Amino acid sequence: MIPPATQFDVHTVVLPHSTCHKRTDMVNRQLVQNGNAASQELIQDEVVSSNDISERGLILPKKLLNPCLESPEHQHLRKELIFNNKIGKNVLNQKSELRKALEKHKDAQLKKELEQKKNESKSLLEKAVEDRAEKIEQMKKTVEEDLNKPEFLQVHAKLRAKMESKS
């Protein structure tokens, strides 16, 4: 004979064993810390051998897991932020406009000083070689610019040069 649908036998339900004692241990620890003996007796009476179902047949709530906090990437990032905070490193690069401008100015001054030191230490021969290299690069750029111009402009420039030379 099949029992009526209103009856429910808690002991016949099969649940995974891994979650059996975790919740009751946690609840018991909290209650012992709080010192609330009356509520502890109530919870122990309601909880069956498996923590998922009470004696009344109700499913006990579980704490939801936060996937962001559980992910290893998030944990690693959090540890890194805490470490950087301990050593005093500002990860977010939050600086005032004045501080940014001052740092930019200091960097520009340092670059100028380094260039001056390099120029002072060069011999006349090195300076002459660099000047010639710069002139050659400028000539190459002008030739490339002329080649990149449309053909009709090149022809027009040649005709203009011939007309000026005849005059």
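Note that the coordinates shown come from a computational prediction; the quantities given were computed from them, not determined experimentally.

Caption draft 1: Region of interest: the overall build of the chain. Looking only at helices and strands, the chain features seven helices and zero strands. Tracing the chain from N to C terminus, the helices and strands come up as α-α-α-α-α-α-α. Out of the 167 residues in the chain, the part that is buried amounts to 10%. Sequence-distant contacts in the chain: of pairs separated by 6 or more residues, those separated by 24 or more amount to 42%. Element-wise, carbon and sulfur atoms account for 58% of the exposed surface of the chain, whose accessible area totals about 16,000 Å².

Caption draft 2: Quick look at helix H4 (residues 72–87). The terminal C-alpha atoms of H4, which comprises 16 residues, lie 23 Å apart, in line with the 22 Å expected from a rise of 1.5 Å per residue. In terms of burial, H4 is largely open, as just one of its 16 residues are buried. Glycine 88 lies just past H4 and shows a positive phi near 90°.

Caption draft 3: Quick look at the pattern of salt bridges. Within the structure shown, the criterion is met by one salt bridge. The salt bridge involving lysine 122 is made with glutamate 130; its shortest N-O contact spans 2.4 Å. Judged by relative accessible area, lysine 122 falls into the partly exposed class, the value being 23%. Using a relative accessible area of 35% as the deciding quantity, one classes glutamate 130 as partly exposed.

Caption draft 4: How the structure looks around the environment of valine 91. Mapped onto the secondary structure, valine 91 falls in the loop between H4 and helix H5 (97–121). Separated by ten residues in sequence, valine 91 and leucine 81 have C-alpha atoms that sit 7.6 Å apart. Apart from the residues lying within four places of it in its own chain, the contact partners of valine 91 are Leu81 and Asn84.

Caption draft 5: Inspection of the confidence of the model for the chain at higher detail. Taken over all residues, the pLDDT of the chain has a mean of 75, while the share at 70 or more is 69%. Per-element confidence in the chain ranges from a low mean pLDDT of 50 for helix H2 (residues 37–46) to a high of 91 for H5.

Caption draft 6: A look at a nonpolar patch on the surface. Together, Leu77, Leu81, Val91 and Leu92 make up a nonpolar patch on the protein surface, roughly 370 Å² of accessible area in all. We classify leucine 77 as partly exposed; its relative accessible area is 46%.

Parameters at a glance
- Residues numbered from 1 in each chain as written.
- Predicted model: local features only at pLDDT ≥ 70, side-chain atom pairs only at ≥ 80, totals over all residues.
- Heavy atoms only, no water.
- Helix = DSSP H or I, 4+ residues; strand = E, 2+ residues; numbered from the N terminus.
- Buried < 20%, exposed > 50% of the residue type's maximum accessible area, 1.4 Å probe, protein only.
- Contact = heavy atoms within 4.5 Å.
- Areas by Shrake-Rupley, 256 points an atom, 1.4 Å probe, with all protein chains shown as cover.
- Expected span 1.5 Å × (residues − 1).
- Salt bridge = Lys/Arg side-chain N within 4 Å of Asp/Glu carboxyl O.
- pLDDT = per-residue confidence, 0-100.
- Patch = residues over 30% accessible without salt bridge, like charges linked within 9 Å, V, L, I, M, F, W, Y side chains within 5 Å.

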